[in-house]
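These are the residues of each chain, in order.
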Amino acid sequence: MAGQPERVVRRLRDGMAGGVLSFPLTSFHADGSLDVDGFRAYVAGQLAAGPGALFPACGTGEFFSLDEEEYRQVVTVAVEEAGGRMPVVAGVGYGWAQAARFARIAEEAGADALLVLPHYLVAAPQDGLIAHIEAIAGRTGLPLVVYQRGQVTYTAESLARIAGIPGVIGLKDGHSDLDRLQRLTLAAPDGFLFFNGAATAEIQARAYATVGVPAYSSAVHAFAPEIADVFFGALRAGDQGTVDKLLRGFYVPFVELRDRVPGYAVSLVKAAARLRGRPVGPVRAPLTDPTTADLADLRALLTAGLDLVGAAL
């Protein structure tokens, strides 16, 4: 595995400079079973839009509802469809023992790296958070990106220690505490990767960039890559007029709709993909699909957002 972390870092850095990070939805049949063929077709569509990297079986992909065999199929399909064109970073989570089991599956399936989702349920001290990452890193040959969100928050001192664990290559932030994030970026070694992982990350993309974190994951890319790509291009080009137009006309109203119901950060995204004919199916419990009224509002907003970039529903 010598040199693998460095190679993955280079590929991720190159990808981040050229496109948003895709977190594909996981396709289910109407009865809730995994739809492998639908997922393959959906991922092919995501890849055709040219993202910087592919992150299957993460939060947007309902990792928390997949069993180990389903997880294996999802990661395998993502790797096959990517065909080496971009890095595939698979989600792992729960306690370190279970995360290590998923890590072995991802490694066998051909993933390039892992995103370590927040551990299950309990709050923990900083030494425990570090030990958790050490335990996972010691049980896989794949590079790790750690994710601070929910009950996981690192101090600058802890981040420096985590960055020193062999195989740990980056951090994804979902807290949007820019003061803390700036401290983390200053504590990290040169070459360490940072990702904006806020829900609907485009809302805060400009603010994140000011503290040295320009790369972001895009839930909107999961159903409207046309909007996500125009926003990304405008942000990188410094076209503030287009950025503001898309924020006012689409992203802010989408966040307001998303915030109506817990879990809409995933189920609303999946509903939007279905509105566009993507074979993703329903969400699994404990998530719920949007109400009829919210679906109508989503359709109107999606139509308006696509119109802003010259696309159609």
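The following paragraphs examine the structure supplied in this document. Predicted, not measured: the structure shown is a model, and the values here were computed from it.

**What about the overall build of the chain?**
And step 1. Each helix and strand in the chain was counted, giving twelve helices and seven strands.
And step 2. Taking 2.2 N^0.38 as the reference for a compact globule, 313 residues should give roughly 20 Å; the C-alpha atoms of the chain span a radius of gyration of 18 Å, in line with that estimate.
And step 3. Based on the C-alpha atoms only, the size of the chain along its principal axes is roughly 50 × 45 × 35 Å.
And step 4. The buried share of the chain, taken over its 313 residues, is 53%.
And step 5. Summed over all atoms, the accessible surface of the chain reaches about 12,100 Å², with 54% contributed by carbon and sulfur.
And step 6. Side chains of the chain give 27 positive and 33 negative charges; the mean places of these two sets differ by 2 Å.

**Observations concerning the packing of helix H9 (residues 225-237) against helix H10 (residues 240-258)**
And step 1. With their axes 9 Å apart at the nearest point, H9 and H10 run at an angle of 145° to one another. Viewed along their axes, H9 and H10 form a crossing whose handedness is left-handed. Of H10, the residues touching H9 (which contributes Ile-227, Ala-228, Val-230, Phe-231, Ala-234 and Leu-235) are Thr-242, Val-243, Leu-246, Leu-247, Phe-250 and Tyr-251.
And step 2. Classifying every residue of the contact of H9 with H10 gives eleven nonpolar, one polar and no charged.

**Let's talk about unusual backbone geometry**
And step 1. Cis rather than trans, the peptide bond between Ala-285 and Pro-286 has omega equal to 15°.
And step 2. Secondary-structure assignment places Pro-286 in the loop between helix H11 (264-275) and helix H12 (292-308).
And step 3. Phi is positive for Leu-121, which is not a glycine, with a value near 70°.
And step 4. By the secondary structure assignment, Leu-121 is in the loop between strand E4 (113-116) and helix H5 (126-137).
And step 5. For Leu-121, a relative accessible area of 63% gives the class exposed.

**Quick notes on the nonpolar core**
Note that soluble globular proteins tend to have their nonpolar side chains buried in a common cluster.
And step 1. Judged by nonpolar contacts, the single largest core of 108 residues is most densely connected at Tyr-71 and Phe-223.
And step 2. Those residues in contact with Tyr-71 that sit more than four places away from it in its chain are Ala-57, Phe-63, Leu-66, Ala-90, Gly-91, Val-92, Phe-102, Ile-105 and Ala-106.

**Considerations on the pattern of salt bridges**
And step 1. Considering all chains together, one arrives at 17 salt bridges under this definition.
And step 2. Between Lys-270 and Glu-62 there is a salt bridge, and its shortest N-O distance comes to 2.7 Å. Residue Lys-270 is found in helix H11, and its partner Glu-62 is found in the loop between strand E2 (53-54) and helix H3 (68-82); the two are separated by 208 residues along the sequence.
And step 3. By relative accessible area, Lys-270 is classed as buried at 0%.
And step 4. With a relative accessible area of 0%, Glu-62 lands in the buried category.
And step 5. Here Asp-259 ties to Arg-258 by a salt bridge, and the two come within 3.0 Å at their closest N and O atoms.

**Some details on the sheet that holds strand E5 (residues 144-148)**
And step 1. The strand order across the open sheet built from five strands is E3-E4-E5-E6-E7, with neighbouring strands paired in parallel fashion. This sheet does not close on itself; its edge strands, each paired only once, are strand E3 (89-92) and strand E7 (193-196). Within the sheet, the average angular offset between the axes of one strand and its neighbour, ignoring direction, is 25°.
And step 2. One ladder, built from three bridges, connects E4 with E5; its direction is parallel. Looking at the pairing, Leu-114 lines up with Leu-144 of E5.
And step 3. Seen against the sheet, H5 touches E4, E5 and strand E6 (168-173) and runs at an angle of roughly 155° to E5.

**Examining helix H2 (residues 36-48)**
Helical geometry note: an α-helix holds 3.6 residues per turn, so side chains three or four residues apart project in the same direction.
And step 1. Along its 13 residues, H2 runs 18 Å from first to last C-alpha, staying within 8% of the 18 Å computed at 1.5 Å per residue.
And step 2. Looking only at H2, the buried set comprises Gly-38, Phe-39, Tyr-42, Val-43, Gln-46 and Leu-47. Viewed along the axis of H2, the buried residues span an arc of 165°, placing them on a single side of the element. For H2, the exposed residues set more than 90 degrees away from the buried face come down to Asp-37 and Ala-48.

**Describing the environment of Thr-76**
And step 1. Tracing the backbone shows Thr-76 in helix H3.
And step 2. Counting along the chain gives 30 residues from Thr-76 to Ala-106, while the straight-line C-alpha distance between them is 7.9 Å.

**Concerning the pairing of E5**
And step 1. For E5, the buried fraction is high: five of the five residues fall into the buried class.
And step 2. Between the parallel elements E4 and E5, the chain passes through H5 in a crossover that is right-handed.
And step 3. Pairing analysis gives five bridges linking E5 to E6, with the strands arranged parallel. In the strand pairing of E6, Gln-148 is matched with Asp-173.
And step 4. What joins E5 to E6 is helix H6 (residues 156-163), and the crossover it makes is right-handed.

Here is what the cut-offs are and how they apply
Residues numbered from 1 in each chain as written. Predicted model: local features only at pLDDT ≥ 70, side-chain atom pairs only at ≥ 80, totals over all residues. Heavy atoms only, no water. Helix = DSSP H or I, 4+ residues; strand = E, 2+ residues; numbered from the N terminus. Rg over C-alpha atoms; globule rule 2.2 N^0.38 Å. Buried < 20%, exposed > 50% of the residue type's maximum accessible area, 1.4 Å probe, protein only. Areas by Shrake-Rupley, 256 points an atom, 1.4 Å probe, with all protein chains shown as cover. Lys, Arg positive; Asp, Glu negative; His and termini not counted. Charge placed at Lys NZ, Arg CZ, Asp CG, Glu CD. Axes fitted to C-alpha atoms, helices over the stretch in contact; angles between N-to-C directions. Left-handed = near helix turned anticlockwise from the far one by under 90°. Contact = heavy atoms within 4.5 Å. Nonpolar A, V, L, I, M, F, W, Y, C, P; charged D, E, K, R; others polar. Core = buried A, V, L, I, M, F, W, Y, C linked by side-chain atoms within 4.5 Å. Salt bridge = Lys/Arg side-chain N within 4 Å of Asp/Glu carboxyl O. Pairing = 2+ DSSP bridges. Expected span 1.5 Å × (residues − 1). Arc of directions from axis to C-beta. Right-handed = clockwise from strand over helix to strand, strands pointing away.

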